[in-house]
Amino acid sequence: MPQYRRLPAATAPIFFTLCLSERGSTLLLDGLDLLREAVRHVKGYRPFHVHAFVVLPDHLHAVLGFPPEDPNYSQRWGSIKARFSRDARRAGLVPPWPVADAEAQRRLFRKGEAGLWQKRFWEHQCRDEADLQRHIRYCWANPVKHGLVARPVDWDASSIHRDIRAGLVAPEWSDTLMEGDYGEAA
């Protein structure tokens, strides 16, 4: 059995990559409102700070900060994934479970998997302010990297719009992506 190493309690922001099990799917964009609601819901009872967030068709990136008294990000992501999976099925965005798999459905749903997401996710604890800013910029520029838009501001499912409204970044911001491992090969 593989040994997965989890970071100690997070005091610095953490960059995440989460992927759907079916690469090439458009489910995250098709269910973008459901995903946003799942994040809002979990954030309501297990607070966290969103430094950056971008949703692409089959994966997402986020830079999140957690309160020192409740740094459990795995439970938060599990809850977000489970709620999105349940709501996507209810909305008809994915096929319903076959009746013969009712017990498997309950077991997977309790575990927060439901077959839509890869079981694991990529995480990277930001080491310092420069590392944090590099990962935030990576989120903003990721739709350009994938050839989905010409400019980061052209992608609607990105926190860059919130940051432009707050005056934290210029609307015409554009940057070349830094080399590094951001978990997209998952």
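Before reading further, recall that the structure is shown in the block above.
Anyway, here's the lowdown on the structure attached to this text. (Residues numbered from 1 in each chain as written. Predicted model: local features only at pLDDT ≥ 70, side-chain atom pairs only at ≥ 80, totals over all residues. Heavy atoms only, no water.)

**What about the packing of aromatic side chains?**
The geometry of two aromatic rings is summed up by the distance between their centres and the angle between their planes.
Thinking step 1. Tallied over the entire structure, the rule returns 11 aromatic pairs.
Thinking step 2. The interplanar angle of 65° and the centroid separation of 5.5 Å between the aromatic rings of phenylalanine 16 and tryptophan 77 together place this pair among those described as edge-to-face. Here tryptophan 77 lies in helix α3 (residues 73-90) and phenylalanine 16 lies in strand β1 (residues 14-19), a separation of 61 residues in the sequence.
Thinking step 3. According to the relative accessible area criterion, phenylalanine 16 is buried, its value standing at 0%.
Thinking step 4. Ring centres of phenylalanine 48 and phenylalanine 66 lie 6.3 Å apart, and the angle between their planes is 45°; this geometry places the pair in the tilted category. Pair noted here: phenylalanine 48 is in the loop between α2 (32-45) and β2 (49-55) and phenylalanine 66 is in the loop between β3 (59-65) and α3, with a separation of 18 residues, a long-range link.
Thinking step 5. Take phenylalanine 48: its relative accessible area is 6%, and that puts it in the buried class.
Thinking step 6. Its relative accessible area of 10% is what places phenylalanine 66 among the buried residues.
Thinking step 7. Grouping aromatic residues by their ring pairs yields a cluster made of Phe16, Phe48, Phe53, Phe66, Tyr73, Trp77 and Phe121.
Thinking step 8. Lying across the ring of phenylalanine 48, lysine 43 places its NZ or CZ 5.9 Å from the centre. (Phe/Tyr/Trp six-rings, centres within 6.5 Å; stacked < 30°, edge-to-face > 60°. Helix = DSSP H or I, 4+ residues; strand = E, 2+ residues; numbered from the N terminus. Buried < 20%, exposed > 50% of the residue type's maximum accessible area, 1.4 Å probe, protein only. Lys NZ or Arg CZ within 6 Å of the ring centre and 35° of its normal.)

**Structural notes on the sheet that holds strand β4 (residues 122-125)**
Thinking step 1. Strand order in the open sheet formed by four strands is β2-β3-β1-β4, with antiparallel pairing between adjacent strands. Single-partner strands in this sheet number two, and they are β2 and β4. Looking at each pair of strands side by side, their axes are set apart by 10° on average, direction ignored.
Thinking step 2. Bridge count for β1 against β4 is four bridges, and the pairing is antiparallel. Looking across to β4, one finds that isoleucine 14 is bridged to glutamine 125.
Thinking step 3. Strands in contact with α3 are β1, β2, β3 and β4; relative to β1, the strand with the most contacts, it is inclined by about 35°. (Pairing = 2+ DSSP bridges. Axes fitted to C-alpha atoms, helices over the stretch in contact; angles between N-to-C directions. Contact = heavy atoms within 4.5 Å.)

**Examining the pattern of salt bridges**
Thinking step 1. Per the counting criterion, the structure on display carries 10 salt bridges.
Thinking step 2. Here aspartate 58 makes a salt bridge to arginine 23, at a shortest N to O gap of 3.2 Å. Pair noted here: aspartate 58 is in the loop between β2 and β3 and arginine 23 is in the loop between β1 and α1 (27-30), with a separation of 35 residues, a long-range link.
Thinking step 3. Classification of arginine 23 as partly exposed rests on a relative accessible area of 34%.
Thinking step 4. The partner of aspartate 87 in a salt bridge is arginine 86, with the nearest N and O atoms 2.9 Å apart.
Thinking step 5. Residues joined in a network through salt bridges with shared partners are Arg46, Asp70 and Arg76. (Salt bridge = Lys/Arg side-chain N within 4 Å of Asp/Glu carboxyl O.)

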